[in-house]
Each structure stands twice: as structure tokens, then as C-alpha cells.
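Structural overview for review
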Amino acid sequence: MNSSTKRGFLLITRIRTVYPFSQLHYISSHCKLSPGVTPLFAACAQGYSECVSILLKKAPGLDINEQDVDGRTALMAACANGKLDCINLLFKWGGTSEDEELDVFSKDENGRNALHYAAMFGHAPVIEALVTKERKLLLKSDSDGRSALHWAAIRGKEDSVEALLSLGIDENPQDKLGRTPLSYAAEHGHVAVAEWLFSCLDEEQEDEDQEVHFLFLILSLSLSLSLSLCLSLSLS
């Protein structure tokens, strides 16, 4: 048993010394570690899969879709931190009855879902698991009209971009400002991601996206100047 698992079991053990399992559903719903953060949320965020399993099995009536003050769920917490074991437990438990069905489309206060979180933090295996569970997640955007690919591009997460593109996400969507993932990747200086997304465009899209051409040109010139400066300094 690794140290994180031991810490997780210590939390459950302390709860059990005060409350029997018959009351664990009350603890799971009302014991907040910080505003809106339940033990299930915390266990999923930290990857304490054994604790997640105990909470799911021994807490009848547990709301697995409960949201914190920012609208985030235990599933989002697990996705943001790449805790695939916890995600699989939520998938399995969330499909056992209608009352406990896991809402994979749940949104936080900014309209972001679990796939957005997995993409922005670069967890490709989690992205694949989510899309395998529900392909319609690829079509969802947040309150600003940004898809999971937008966020992967903004954060420069190459693994996320590769996973999303391989799963068939729209490679050139526009948000409410008319911005594409490529334009954000270029703006933020994520060269590898920008090149990858640029290669996905067809000729018509390339002609239409003049902003991207401009940003990509500026990015390329900046890199060239930086390399030239570094070379001149090393020779001086």
C-alpha cells in the first residue's frame, strides 16, 4: 500500500471511529473539507481509489454529482488530476441505478465539463475514457463557446490535442469571439500544438483564417529572432 493510499484509509478510519457506516451517507454529504468539497470530491482529487470505493459502497444515498461552490463535481476533480482509477469507479457505480446515475455532462460555473478539465491538464488516457463513455462530450463547449480542443491548445497540452483529434473532435471550431484552437496556440507560443493544428486545416480553412496566419507569422519571426540572439550571444 503506497503512502497516499495509507493517508486515504486513515481519513476513512477516523470517520468510522465516530460514525458507523449506516451514517456515512450523512458524512459524505454534510462533512465539507472546504466550501462544497465532500470527502468523495477530495478522495477523487487525490486519487484515493480505495477510499472512493468505500464511500460509494457504504454510503447509501450518496450524491455522486454533488457540486462545490464553483460547480465542480467529483468526476471533474478526478479528471483534472488524471485519476483514472477513481474515474472508472465513478463510471461503474454511476451506472448501477437511475437514482445514482453519473452525469458526465455536468458543468461548472464557467460551463466546463469533465472533458474540458481532462484536456486542459493534459490527461490523454482520461480523455479517451470519457469519450468512450460518451462521445457527445466532443461536441460540448463552455460558456465562452470553447471546446475541449480550445483549452488543450490554450494550455499547450500536446497529448490532449493528439487524443482529441484522434477521437474525431472538430479541429477548427470557433468560440464566441470567433477564435479557433490554432489561433490560441499561436498566441500563447505553443509551437508544436500550433503546427499540429495548422497541418489539420484544409486549403479553404487556411484561406479563411487570416488571423491565424498573422499570429503564426509573428510567432515564427519571434522564434527566429530569439534563436539569432542566442546564437550571437554564444559567439560573442
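Right above here is the structure, for reference.
The packing of two helices is summarised by the inter-axis angle and the distance between the axes. Interhelical geometry of helix 3 (residues 39-46) versus helix 4 (residues 49-58) gives an angle of 155° and a closest axis separation of 8 Å. One element, helix 3, and the other, helix 4, form an angle in the roughly antiparallel class. The handedness of the crossing between helix 3 and helix 4 comes out as left-handed. Contacts between helix 3 and helix 4 involve Pro-39, Leu-40, Ala-43 and Cys-44 on the former and, on the latter, Cys-51, Val-52, Leu-55 and Leu-56. For the contact of helix 3 with helix 4, a count of residues per class yields eight nonpolar, no polar and no charged.

A word on helix 4. A large share of helix 4 lies buried, amounting to seven of its ten residues. All of the buried residues along helix 4 are Ser-49, Cys-51, Val-52, Ser-53, Ile-54, Leu-55 and Leu-56.

Okay, the packing of aromatic side chains next. All chains considered together, the criterion is met by zero aromatic pairs. In this structure, Lys-140 is placed above the aromatic ring of Phe-105, and the distance from its NZ or CZ to the ring centre is 5.4 Å. Taking the ring centre of Phe-121 as reference, the NZ or CZ of Arg-155 above it sits at 5.3 Å.

Moving on, we come to the pattern of salt bridges. Following the criterion strictly, the structure yields five salt bridges and no others. As a salt-bridge pair, Arg-146 and Asp-175 come within 3.5 Å of each other at their nearest N and O atoms. Linking Arg-146 in the loop between helix 8 (124-133) and helix 9 (148-155) with Asp-175 in the loop between helix 10 (158-166) and helix 11 (181-187), this pair joins segments that are 29 residues apart in sequence. As far as the burial class goes, Arg-146 and Asp-175 line up, both buried. Of the charged contacts, one joins Arg-179 and Glu-187 as a salt bridge, the two residues approaching to 2.6 Å between their closest N and O atoms. With a relative accessible area of 14%, Arg-179 lands in the buried category. Overall, Glu-187 belongs to the partly exposed group, its relative accessible area being 45%.

Along the chain, Ala-129 turns up in helix 8. Residues Ala-129 and Leu-84, 45 residues apart in the sequence, show an inter-C-alpha distance of 8.2 Å.

Negative charge collects at one region of the surface, where Glu-128, Glu-158, Asp-159 and Glu-162 lie side by side. By residue number, the principal contributor to the negative patch is helix 10, which donates three residues. If you trace the backbone, Glu-128 turns up in helix 8.

Reading the values: the criteria
- All chains use their own residue numbering, which begins from 1 and follows the written sequence.
- Where totals are concerned, whole chains, interfaces and linings use all residues; where local detail is concerned, this predicted model gives features only for residues with pLDDT of at least 70, and gives and counts side-chain atom pairs only at 80 or more.
- The side-chain quantities take in all heavy atoms of the structure and omit both hydrogens and water.
- Every axis corresponds to a line fitted to the C-alpha atoms, with the helix fit spanning only the stretch in contact, and the corresponding angles, defined between N-to-C directions, vary from 0 to 180 degrees.
- Each helix is a run of H or I in the DSSP string that is no shorter than four residues. Each strand is a run of E no shorter than two, and both are numbered from the N terminus.
- Geometric relationships in this document are graded by angle, where less than 35 degrees denotes roughly parallel, more than 145 denotes roughly antiparallel, 65 to 115 denotes roughly perpendicular, and other angles denote oblique.
- The crossing is said to be left-handed when, going from far helix to near helix, the turn is anticlockwise and less than a right angle, and right-handed when the turn is clockwise.
- Any pair of residues with heavy atoms lying within 4.5 Å of one another is described as a contacting pair.
- Polar here means any residue other than Ala, Val, Leu, Ile, Met, Phe, Trp, Tyr, Cys and Pro, which are nonpolar, and Asp, Glu, Lys and Arg, which are charged; Gly is therefore polar.
- The classification of residues rests on relative accessible area computed with a 1.4 Å probe and restricted to protein chains. Under 20% of the type maximum is buried, over 50% is exposed, and intermediate values are partly exposed.
- Each Phe, Tyr or Trp ring (for Trp, its six-membered ring) is paired with any other whose centre lies within 6.5 Å, and the angle between the two planes then decides the class: stacked below 30 degrees, edge-to-face above 60, tilted in between.
- Criterion for a charge above a ring: Lys NZ or Arg CZ within 6 Å of the ring centre, and within 35 degrees of the ring normal.
- For this document, the term salt bridge refers to a Lys or Arg side-chain nitrogen within 4 Å of an Asp or Glu carboxyl oxygen.
- Patch definition: residues with relative accessible area over 30% and no salt bridge; like charges joined within 9 Å; nonpolar side chains (Val, Leu, Ile, Met, Phe, Trp, Tyr) joined within 5 Å.
- Surface exposure here means Shrake-Rupley accessible area, sampled with a 1.4 Å probe, where a residue is shielded only by the protein chains that are shown.
- By the counting scheme adopted, Arg and Lys are positive, Glu and Asp are negative, and His together with the chain ends is not counted.
- For charged residues, the charge sits on one atom: NZ in Lys, CZ in Arg, CG in Asp, CD in Glu.

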